[in-house]
Amino acid sequence: MALSRLGCCRGGLHGGLLGVGPVTVPANCLRRVLRAPEPAPAWRALRHPAYCLSTKTNPKAILAAVMSQFKYANGKYESFLERTFPRFYLLYSTFLKGVRTLFSEAKEVRRIKLNMSLQKIDFHQLPYREMERLRQFRRDLIKAIPIGLLSLPPFANYFVFLLMYLFPRQLLIRHFWTPKQQFEFLNIYHGMRREVYPEIIDGLEQVTRFVADQQLRDQMQELCTKVHSGSHPEVAKLLAVRSLFEGHPLGLQRLRIWQVKALSRVLFLTPHLPIFFLRYRLRSHVLELQHLDRAMLKLGVSELSEEEVKMACYSRGLNSTHLSASECQKWLKQWVQLSGELKDSEVSLLAHSMVLLSTNYLGAKE
């Protein structure tokens, strides 16, 4: 624009020089042409790039800019909480991490379910990690459903938050426990199921006193005596009495009511149900563990991470919170060796082995 104006002025001057006649150039025209350009307003440089985008800018770019600002503000807020309220920040960060983990697991479960539907396979045909993911997610969901129902009425969520803060072990799933709480709560739960371990061993000793086969009777009595005295039984000794757990007197359908209730507590199942339902739940859960064991054998115990090994031991009756990863792995290899030898009709021995193999193993009794 300035160059065009300057060109017009020069044209006028040249015209005068060529004899057309003198042309008068206004002074304000020359000032406008020769003046320095004005600097851009300072407030434009201070604006965030998201506000400088035109309406034709890609919406994804706007969203990315807004999200970056949100993450920046959220980071500032979290650092403020960590400095000012460290205890509250621990709960806050645990809650956020739990929500992210829960949503991630929900997506993973949805993917597994979709693949099962497309490939037309059953639960026990899945790889170990996918099978364990489905099993654990179902247990977490069952525990979370009552909390969700309590939160439905208006303003009830505030009351639910208070209950969750006061009773985290009873109401929250494992994703929302702090590391300290997880260690403490797992020990509490194991202590609750360990209370029935002596009762189960005494029951085996009492029932097998009347077994007709003297060799089996003596082997079972010797096994119970060794466990009572603090010895850890060998897998071969357990397999030697497997026939007692298939039918009479220790088959799952032949167990007495108090035995079924005690074994249900070992598996964290409520004993306050009708006996036929208790037997059904006990059998289905032990068979589920056996399917997991077979998938674990295909994968290999050595392929599991430290966390996976410890959780596998814990769900099979061993308190793994006080044990090292190598100690847990050694025990788990014994367990899958036993489980791999048993038939579906011998699941009663597998249920009792949760007690027999874990009672005196190293520091598990601590």
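Note that this is a predicted model, so its numbers are computed, not measured. (Residues numbered from 1 in each chain as written. Predicted model: local features only at pLDDT ≥ 70, side-chain atom pairs only at ≥ 80, totals over all residues. Heavy atoms only, no water.)

Looking only at helices and strands, the protein features 17 helices and 0 strands. Taking the contacts inside the protein whose residues are at least 6 apart along the sequence as the reference set, 64% of them involve residues at least 24 apart. Element-wise, carbon and sulfur atoms account for 61% of the exposed surface of the protein, whose accessible area totals about 22600 Å². (Helix = DSSP H or I, 4+ residues; strand = E, 2+ residues; numbered from the N terminus. Contact = heavy atoms within 4.5 Å. Areas by Shrake-Rupley, 256 points an atom, 1.4 Å probe, with all protein chains shown as cover.)

Before going further, it helps to spend a moment on the pattern of salt bridges. As a working rule, side chains carrying opposite charge can pair if their charged atoms are close by. One pass over the full model with this rule turns up 13 salt bridges. Between Arg-135 and Glu-132 there is a salt bridge, with the nearest N and O atoms lying 3.1 Å from each other. Of this pair, Arg-135 and Glu-132 both sit in helix α6 (residues 128-150), 3 residues apart, which is roughly one turn of the helix. Each of the two residues, Arg-135 as well as Glu-132, counts as buried. (Salt bridge = Lys/Arg side-chain N within 4 Å of Asp/Glu carboxyl O. Buried < 20%, exposed > 50% of the residue type's maximum accessible area, 1.4 Å probe, protein only.)

With that out of the way, let us pick up the packing of helix α14 (residues 275-299) against helix α16 (residues 325-341). Each packed pair of helices is defined by two parameters, the angle between the axes and the distance between the axes. One can describe the packing of α14 onto α16 by two numbers: an axis separation of 9 Å at closest approach and a directional angle of 110°. By the angle class used here, α14 and α16 are roughly perpendicular. Both α14 and α16 take part in a crossing whose hand is left-handed. Contacts from Gln-290, Asp-293, Met-296 and Leu-297 of α14 reach α16 at Leu-332, Trp-335, Val-336, Ser-339 and Gly-340. Each residue belonging to the contact of α14 with α16 can be placed in one class, and the counts come to 5 nonpolar, 3 polar and 1 charged. (Axes fitted to C-alpha atoms, helices over the stretch in contact; angles between N-to-C directions. Parallel < 35°, antiparallel > 145°, perpendicular 65-115°, else oblique. Left-handed = near helix turned anticlockwise from the far one by under 90°. Nonpolar A, V, L, I, M, F, W, Y, C, P; charged D, E, K, R; others polar.)

Okay, the side chain of Glu-346 next. Looking at the secondary structure, you find Glu-346 in the loop between α16 and α17 (347-356). When neighbours within four sequence positions are excluded, Glu-346 is seen to be in contact with Arg-242, Phe-245, Glu-246 and Glu-341.

Let's shift gears to unusual backbone geometry. Working note: non-glycine residues mostly have negative phi, and peptide bonds are mostly trans. Residues His-248 and Pro-249 are joined by a peptide bond in cis, for which omega reads 5°. If you trace the backbone, Pro-249 turns up in the loop between α12 (235-240) and α13 (257-266).

Time to look at the nonpolar core. One finds Met-220, Leu-244, Phe-245, Met-296, Trp-331 and Leu-332 to be the most contacted residues of the largest nonpolar core, which totals 66 residues. In terms of residue count, the dominant contributor to this core is α14 (8 residues). (Core = buried A, V, L, I, M, F, W, Y, C linked by side-chain atoms within 4.5 Å.)

In this section: the environment of Leu-342. For Leu-342, the location among the structural elements is in the loop between α16 and α17. Using a relative accessible area of 3% as the deciding quantity, one classes Leu-342 as buried. The spatial distance from the C-alpha of Leu-342 to the C-alpha of Arg-242 is 8.1 Å, given a sequence separation of 100 residues. Dropping the residues within four chain positions of it, Leu-342 is found in contact with Leu-239, Arg-242, Gln-290, Arg-294, Leu-349 and Leu-350.

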